Amino acid sequence: AQLSSYAEAGIDRYVIEAVLDERTTEICRFLHGKTFSVSTGLGTFEQVESDPDRVKELTPWVRETIDPETGRKVLFVERGDSRTRLTEVTRSAVGTRDDRGEFSRSLSDRELAGAGIGFPPYHGLCRTTTVADIR
């Protein structure tokens, strides 16, 4: 409904807005401030509507793991048999307020959309939302 409202209002892009408090996950800290296309998001939802069995593939939840080579936390999605690395956490800010942390080797906003990332929720109990990008 939110994406449809953006489209009806003539808004082309939206921005991810995370609550940055002590409970915010690395996932939402990373995605905070990322910008996505309304039309791409609507296209994804249309695909899900036409084939709901593919929802986990089309809009996967972000997962966390530890890279055995670096010992750093990595955020990724699984789509079918493939795993796409989204970013590496270089400085965690979990447990703090108003701090995103630091990330490296990150996909661009466009690449994130291609990996199925676009509209919340990104994980269970996700509190992240969107705002219109009116720039």
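Okay, so let's go over this structure. (Residues numbered from 1 in each chain as written. Predicted model: local features only at pLDDT ≥ 70, side-chain atom pairs only at ≥ 80, totals over all residues. Heavy atoms only, no water.)

Regarding the overall build of the chain
And then number 1: Counting its secondary structure elements, the chain contains 5 helices and 7 strands.
And then number 2: For 135 residues, the compact-globule estimate of 2.2 N^0.38 gives 14 Å, and the C-alpha radius of gyration of the chain, at 15 Å, lies within 12% of that figure.
And then number 3: Across its three principal directions, the C-alpha atoms of the chain cover 45 × 35 × 25 Å.
And then number 4: Sequence separation of at least 24 residues holds for 55% of the intrachain contacts in the chain that already meet a minimum separation of 6.
And then number 5: Roughly 7,800 Å² of accessible area belongs to the chain as shown, and the carbon and sulfur atoms make up 47% of that amount.
And then number 6: The averaged location of the 23 negative side-chain charges in the chain is 4 Å from the averaged location of its 19 positive side-chain charges. (Helix = DSSP H or I, 4+ residues; strand = E, 2+ residues; numbered from the N terminus. Rg over C-alpha atoms; globule rule 2.2 N^0.38 Å. Contact = heavy atoms within 4.5 Å. Areas by Shrake-Rupley, 256 points an atom, 1.4 Å probe, with all protein chains shown as cover. Lys, Arg positive; Asp, Glu negative; His and termini not counted. Charge placed at Lys NZ, Arg CZ, Asp CG, Glu CD.)

Thoughts on the side chain of D133
And then number 1: One can find D133 in the segment after β7 (129-132).
And then number 2: By relative accessible area, which is 15% here, D133 ends up buried.
And then number 3: Leave out the neighbours within four places in its chain, and D133 touches I11, R13, Y14, V15 and T35. (Buried < 20%, exposed > 50% of the residue type's maximum accessible area, 1.4 Å probe, protein only.)

Some thoughts on the sheet that holds β7
And then number 1: Spatially, β2-β1-β7 is the arrangement adopted by the 3 strands of the open sheet, whose pairing is antiparallel. With partners counted over all chains shown, the strands left at the sheet margins are β2 (35-37) and β7, one partner each. Neighbour-to-neighbour, the strand axes of the sheet open up by a mean angle of 40°, direction not taken into account.
And then number 2: Where strand β1 (residues 13-17) meets β2, 3 bridges bridge the pair, whose relative direction is antiparallel. (Pairing = 2+ DSSP bridges. Axes fitted to C-alpha atoms, helices over the stretch in contact; angles between N-to-C directions.)

Considering unusual backbone geometry
And then number 1: Here the residue pair P120 and P121 is connected by a cis peptide bond, since its omega of 10° sits within 30 degrees of zero.
And then number 2: Locating P121 in the fold gives a position in the loop between α5 (109-114) and β7.
And then number 3: Of note in the backbone geometry, D98 takes a positive phi value of approximately 55° without being a glycine.
And then number 4: One can find D98 in the loop between β5 (82-91) and β6 (102-104).
And then number 5: Judged by relative accessible area, D98 falls into the exposed class, the value being 67%.
And then number 6: With a phi close to 60°, L125 is a non-glycine residue in the positive phi region.
And then number 7: For L125, the location among the structural elements is in the loop between α5 and β7.
And then number 8: Judged by its relative accessible area of 84%, L125 is exposed.

Side note on the pairing of β1
And then number 1: By the bridge criterion, 4 bridges tie β1 to β7 in an arrangement that is antiparallel. Note on β7: the bridge partner recorded for Y14 is A132.

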